[in-house]
Amino acid sequence: MAVSAGSAAVAASRGRVRRRFAVVTGALGVLLVVFFGVALTWGRGYVPLPDVLSTLVGLGSRSTDYIILDLKLPRALAAVLVGLAFGVSGAIFQSLLGNPLASPDVIGINTGASAAAVLGIVAFGLSGTAVSVVALAGALLTAALMYALTWRGGISGSRLVLVGIGVAAILLSVVSYLMTRSRVATAQDALVWLTGSLNGRNWTQVVPLSVLLAVLLPAVAVLARTLGLLRLGDDAARGLGVAVEPARLALLGCAVALAGAGTAAAGPVAFVALLAAPIGRRLTRDGGPALVASGLVGAAVVLVADFAAQNLPGLPQYPVGVLTGAVGAPYLLLLLARANRTGKGG
């Protein structure tokens, strides 16, 4: 009887977790659709919702086709895809390394992409897709360097964070040097890119990003169960049949590629990866990495921030990274304050 009662309690708990997951992801999906509709309808170049729908089904006028299909739709899609990439990437890093600071914008992955992009812009005069490719390569190379410097018969989350912060500091110095040695116009272009911006984004950025996510997200879905087992600890994961280091390397590779893809498309949009995962975990409350919820939260954050950036008074369009940075920086300080209070601040 005791075993039966215990099994029933476990089944009931799992049912509650599944129901909460369905409710949370459904609500986030609905909110994302609403925000997406607002981004296509309101703001500069207002288009009534019926005209938006007519354009999307191929029955719009020439003017609405231009506003929606050439200006608003690719930018909104870029915001969703970039936020999705950063949100899932941050959730993987934080869950795998067991550290709330382990997000790609804090530990140097985005900085590596930025340094490579600025080098391409300033030293080689690259632009457009070429900058995106170089940025993705920079993220991957930075991650490989960090992995090599951190490896001591295994990977420690705290050690990787510290190595990443050190690598990021070096790369920021490289970026500063390149900026001071470049012409004013070139430095201005690089500075806008470094802030993180969706201004002028079109199908040239959306299509490659969509292709990358179509490859990476299914890979993450396949590895999601392994990520849950790795959260139990290396010894427990080995006991359950997980090849720990290959699995960790595969997950880190996916997380780095996602962060690099997002950075390549929009620049290093600050703190999205840091914020999305804790919010996703708080909403689902299932004790897992909350990959789906984190991705949806990241997409919503970037979409809403970019809409606000386009419509705030003052400059014609703020870079979206200005808004996400203004929200994320206080959260980072709060994390550091909590770590110090609990004796984990170093």
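Our subject is the structure listed above.
This write-up is about the structure you can find in this document. These figures come from a predicted structure and were not determined experimentally.

Calculation notes
Residues numbered from 1 in each chain as written. Predicted model: local features only at pLDDT ≥ 70, side-chain atom pairs only at ≥ 80, totals over all residues. Heavy atoms only, no water. Helix = DSSP H or I, 4+ residues; strand = E, 2+ residues; numbered from the N terminus. Rg over C-alpha atoms; globule rule 2.2 N^0.38 Å. Buried < 20%, exposed > 50% of the residue type's maximum accessible area, 1.4 Å probe, protein only. Contact = heavy atoms within 4.5 Å. Expected span 1.5 Å × (residues − 1). Arc of directions from axis to C-beta.

Structural notes on the overall build of the protein chain
So, point 1. A count of helices and strands for the protein chain gives 13 helices and 0 strands.
So, point 2. In summary, the protein chain has a C-alpha radius of gyration of 21 Å against a globular reference of 20 Å for 346 residues, a match within 12%.
So, point 3. Projecting the C-alpha coordinates of the protein chain onto the three principal axes gives extents of approximately 70 × 50 × 35 Å.
So, point 4. When each of the 346 residues of the protein chain is scored for burial, the buried share is 47%.
So, point 5. The long-range share in the protein chain, meaning contacts at least 24 apart out of those at least 6 apart in sequence, stands at 74%.

Description of helix α5 (residues 129-150)
So, point 1. Taking 1.5 Å of rise per residue, the 22 residues of α5 would be expected to cover 32 Å, and the 32 Å separating its terminal C-alpha atoms lies within 8% of that figure.
So, point 2. What α5 keeps buried is the set V131, S132, A135, G138, A139, T142, A143, M146 and T150. The buried side chains of α5 occupy one side of the element, clustering within an arc of 130° when seen end-on. When the buried face of α5 is taken as reference, the exposed residues oriented beyond 90 degrees from it are V133, L141 and A148.

Thoughts on unusual backbone geometry
So, point 1. The phi angle at F271 is positive, at roughly 70°, despite the residue not being glycine.
So, point 2. Mapped onto the fold, F271 is located in the loop between α10 (244-266) and α11 (272-284).
So, point 3. The backbone phi angle of A290 is positive, close to 55°, even though this residue is not glycine.
So, point 4. Checked against the element boundaries, A290 lands in the loop between α11 and α12 (291-311).

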